Structure formats: structure tokens, C-alpha cells
Amino acid sequence: MNQPVIAITNLTHRFGEHIAVDDLTLEVRSGEIFGFLGHNGAGKTTTIRLLNGLLTPSSGEMRVLRFNPLQDGPALRAHTGVLTETPSLDERLSAYDNLSIFADLYGVAKPEVGRRVEELLEEFELLDRAKEKVAGYSKGMKQRLAIARALLHKPELLFLDEPTAGLDPLAAQHVHDLVLRLAGRDGCTVFLCTHNLTEAERLCDRVAVLDHGRLAALGTPRELTRQFVKRLVVEVDVSEEQVGDCQELLKKHALEAHREKETLLVTLGGREAIPQLAGWLTGSGIRLYRLAAHESDLEEVYFSIHQIRESEK
Amino acid sequence: MNWRAVLAIVRKDLKVVLQNKSVILPIVIIPLVLFGVLPWMVAFAPHLVNIAGVSFNQLEELIARMPSGFQASLAGLNLNQKVIVFFLVYMLAPIFLILPLMVASVIAADSFAGERERKTLEALLYSPTTDRELFLAKLLSAWLPAVGVALVGFLMYAIMANAAGWLVMGRLFFPNLMWLVLVFWVVPAVAGLGLGVMVLVSVRAQGFQDAYQLGSVVVVPVLLLVFGQVSGIMVFSIQVVLLLGLGVWFLNGILLWLGNRTFQRGRLIARV
């Protein structure tokens, strides 16, 4: 689990004056689902292209699996699978042809091609329409077919670039289940580029946040929450007749609170303030029925990082 | 060289091309008209002349201006036979070159620029092929069908020309040695020329139609050959055809060298 499959050191890539990837350093461990977050144009796709030897970096070093992408591009790509941002399927061909041609390209053993293609078509629920032209497929079906293509040669490392962009919630859920199954069952390392923070939170063991090509944060979603989210909202339920007293008490301690139906929402400086708040309330004779902290999610982390970066400019 | 991967890309491109009516229609219609219908029109011309009572004096004058080697090839033939041989054997020779040129250009436009337009290139670039394998596969995808269609066109033309001219000639007269050199030496070179030009054009073109229109200038040299043939400036003979082939192969070498330089993953991915 701890062996790095991707090791990047001070990686920089420029397109003329524009710096797409800026001094990036990180490691991805074997078997993990690694989230690579950032807004459109943050440098996520460029990083995938660099890591697969499609682009030559302006400076820096990288090692992917056992290969140097610059020198061993074809050998490396035989062990990686890539789902590109657009499915990149030949829509004039059938699903079967799309897969069998790429099976040859990826060197799947000749006697195995037919079996492997049918196995994937069945797993991705496309077998019934395998002989139809892809042009007639729904967006979700195309995305499933593109993922199937990326898995033909059983890659050790799978790059997914915005795998659920434009999909309806059901199709997106299907893709999420697939990713979890791949990492769990097949031990495949997944490098997931996304700007969907809920998706990253649900799937990823660790995430890196990229901002204008620079690494802005790296860690597990929980670590990042602790590091970047300094404000915490707690829900406080007290008896109806004591709500006014409670608000007075909170005001006395300079705490921001507002009422939402039967519940008071109180903003604290962090989780360490929760026991103190409970002490003040019970110490003042207020009957406390419920005190629950809102779990911060990656969305809050992301916006917090963004605010920090903006204030640094 | 990973030949399995190269052939997989060729297979993919050919399957895709066969689905594109803009590509298939000219490939089918042009040979049918040029090599299926034209021989019969030429063969029918002497009869029409006899009916109308018009003479072929102008043709005699034209032949008189041709090089002596060419005149020798028509020696012993009557006027009607000269009409058949002049048009079906000599005048159509440069026009025949349009076929491999057109097929190579249209398929290459679909294979290079069309692939980018359909956004299918990126998946290929992520495959475990080298730039050279990818380039070779793309070249073969257009070159093989161009030469194949030209050979089929040649066979069809040989049958049609002999059938159409049979009444006048009374024997098999096509092909002669010059045509065999043309088909097996110049045709593959001309297919490569169409391909080489299209590779360079496709780098800058926005899509299939754009590339095809830009690349159509490659027909101009063939039109010059037709003009040279009609005017007697450069009449096809075995020596001329051998030299022509050599020149085109040399030009191909330069074009493919330039094409290979532009066909690099880093450049291609930037335009996806």
C-alpha cells in the first residue's frame, strides 16, 4: 500500500508564457484512489499527459510505476489506462469493434481478445447492444464503454479525467461504484481528476488540490478539513422557553448564532470550542437536548483554500 | 516495430472510412465514370464520325506533332484504330493518376484531420505505440487502399478498354508495357504524394472538409501532365514514366520526412 506508483518532484510545464503545472511535488501510493482536484484549467489534464509521456516537462522529475515517462513512454502506457475528458470513441464503429481494436493496440493476447471484450461488455452492461454503432449510445453508455476500453489490458494505474462530467446522477453513481470496485477488487491505483468535490470526498483516500498549476493542499479529506476549515457550525437544541436565554448567553460569549425553526445554529472557532460551549449552556441551567457538529466537507475545504490563495495574491 | 498495433490502427481507420459517404462516394463514382463509361464513349467516337461524315484530320495533325517514338507506336494502324489507341492508351494514362491521388488524399484527410475533428485522436495518443508506429499506421491506412483501388481500377479499365475497342482493334491491345510501369511504379508513388501533402495540410486544417479542400491542389501537377500529353510537350513513354516515378518518389521522401517531423505526440496532443 505504501509503495509510490507516481513520484513527482518539482514538475513544471509551460505553454509559452503560461505555466500550466508549477513546481508540483507529490507521491501517489499503490492501491489508493487519489483525487486530483482543481477548477477548469488548473493543470489537471496537463499533469495526466505529462505522467503518460505525451508531453515533455519544462523541468522537474517524475517516475510512474517502474518507468520514466520521457524515456519509456510506450512501455509505461502499456501498464496505464486513461479515461480522457471526452470519451474519444469512434462513434461510427460498434462497441465491440472499439474494444477489440484497442485490445490489439494494447497487446491483449490474441486468443484472449474476444473473451476479454465480451467480459467487459457484460460487466459494463453493454453486451446487448455491442454490435450497434456507438453514435446511438447515451452519454452514460459512452462513458462506460470508454472506461471499459481503459481497462482492457488490466492496467496497474488508471487515470480518470472528469469521469462523471455531464452524467445524470444515476449514471454518475454507476461510475462511482465501478471505481470503488476497481480499487477494492483489482487493487488498481486510481488517479482521479475531478472538480466534483462530493465525488472526491466519497471516493478518494487522499486528495491534492491544484490551483493555477500549483499544489495548494495534499492529504486525506479529514486532514484537509482540520487544516483548512477553522470555523465550525453546531446545532443546539434546547427547551422552547429557554431559547431566548440561550441566545443571550451566546451573545455574552461573543458567539454568532441564528435560529432555524427549533434549532439554534452556532458558529465556533473550531472543534475545541465544543466542550466549552456545552459547559456554558449546562452551567447556566439550560436544558440541552442536542448538540451536534456539522461535519465540514471538501467543498468547505476547497473554498477555504481558494480564499487563502486569493488573499495571498 | 509493433506490427500488431500498426495493423490494428489501419483496420480501425479503414472501418471508419467505409462508414463515411463523403469518402466512399468519390472513390466509387470517379473510377466508374473514368474507367467504366469513358472507354465506351471513345470506342463509339469513330462510328459517330463515320455517321456524321466528319474526318479525323485534326487528330492526324496532332499525332504528326508528337515525338517520333510515339508515332512509331501507332504505325500500321488505320485511323479508327489510331483514335482508340491515342485516347484509351495514351491520353487516359495521366488521367488515371488522379485515382490513387484522390483516394489517398481523401482517406488521409479523414484519417489525420478527421480523427482530430471527431476527437478520437487522444485515445490513440495514450496507447502504447511509438510516434513512428502511429505515423506509419496512418500512412498505410491511406496508402494501401489508394494503391488497391488503383489496381482494381486498372483491371476494370483493362477489361473495359479491350471490350470497347474490340470491334475496331480486333485484338487485345491494353495494357502495353508503359501502362504496367505506370501502374506498378508511378501509381504507388503518386498515392504517397497525395498522402504526404495531406499529412502536412492536416496539421493546420480544422477538420476533414478543410483538409480535403486545402489538399486538392495536389491534383494540379496531374492536370499539367494531361496538358503535356495533349500538347505533345511530354508524351508518356516507358522512359518518361520511369523518370516521372523517380521524381515523385523523391518528392515523397521529402514530404514524408517533413510529415514525420510534425507528427509528434507533444504537438498533436496540443491540438486535440
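Conventions used here
- Residues numbered from 1 in each chain as written.
- Chains lettered and ligands numbered in written order.
- Predicted model: local features only at pLDDT ≥ 70, side-chain atom pairs only at ≥ 80, totals over all residues.
- Heavy atoms only, no water.
- Domains from an automatic or database assignment.
- Pairing = 2+ DSSP bridges.
- Helix = DSSP H or I, 4+ residues; strand = E, 2+ residues; numbered from the N terminus.
- Axes fitted to C-alpha atoms, helices over the stretch in contact; angles between N-to-C directions.
- Contact = heavy atoms within 4.5 Å.
- Patch = residues over 30% accessible without salt bridge, like charges linked within 9 Å, V, L, I, M, F, W, Y side chains within 5 Å.
- Areas by Shrake-Rupley, 256 points an atom, 1.4 Å probe, with all protein chains shown as cover.
- Salt bridge = Lys/Arg side-chain N within 4 Å of Asp/Glu carboxyl O.
- Buried < 20%, exposed > 50% of the residue type's maximum accessible area, 1.4 Å probe, protein only.
- Parallel < 35°, antiparallel > 145°, perpendicular 65-115°, else oblique.
- Left-handed = near helix turned anticlockwise from the far one by under 90°.

1. Focus: the domain arrangement of chain A
The extent of an interface is frequently quoted as the accessible surface area lost upon association of the parts.
Then step 1. Considered domain by domain, chain A is made up of domain 1 (4-220) and domain 2 (230-295).
Then step 2. On a C-alpha basis, the centres of domain 1 of chain A and domain 2 of chain A stand 46 Å from each other.

2. Here we look at the sheet that holds strand β5 (residues 80-83) of chain A
Residues and elements named next belong to chain A.
Then step 1. Ordered by their spatial adjacency, 6 strands build an open sheet running β5-β6-β7-β3-β8-β9, and the pairing between neighbours is mixed. Only two strands of the sheet have a single partner each, and these edge strands are β5 and β9 (214-219). Across the sheet, the mean angle separating the axes of adjacent strands is 15° when strand polarity is ignored.
Then step 2. Looking at chain direction, strand β3 (residues 33-37) and strand β8 (residues 206-211) are connected through 4 bridges and run parallel. Among the inter-strand pairings, L37 is bridged to a residue of β8, identified as V209.
Then step 3. Here helix α6 (residues 169-185) sits on the sheet in contact with β3, β6 (157-161) and β7 (189-194), set at roughly 135° to β3.
Then step 4. The strands that helix α11 (residues 298-312) touches are β3, β8 and β9; relative to β8, the one it contacts most, it runs at about 35°.

3. Details of a nonpolar patch on the surface
All names here are of chain B.
Then step 1. Taken together, the side chains of L25, V28, I29, L32 and V33 present a nonpolar region at the surface, about 430 Å² in accessible area.
Then step 2. For V28, the location among the structural elements is in helix α2 (residues 21-52).
Then step 3. On the basis of relative accessibility, which here comes to 43%, the residue V28 falls in the partly exposed class.

4. Focus: the packing of helix α5 (residues 79-96) of chain B against helix α11 (residues 220-231) of chain B
Residue and element names in this part refer to chain B.
Then step 1. Packing of α5 against α11 brings their axes to within 8 Å, and their N-to-C directions diverge by 170°. Taken together, the axes of α5 and α11 lie roughly antiparallel to each other. The two elements α5 and α11 meet at a crossing, and its hand is right-handed. Across the interface between the two elements, Y90, M91, P94 and I95 of α5 pack against V222, L225, V226, Q229 and V230 of α11.

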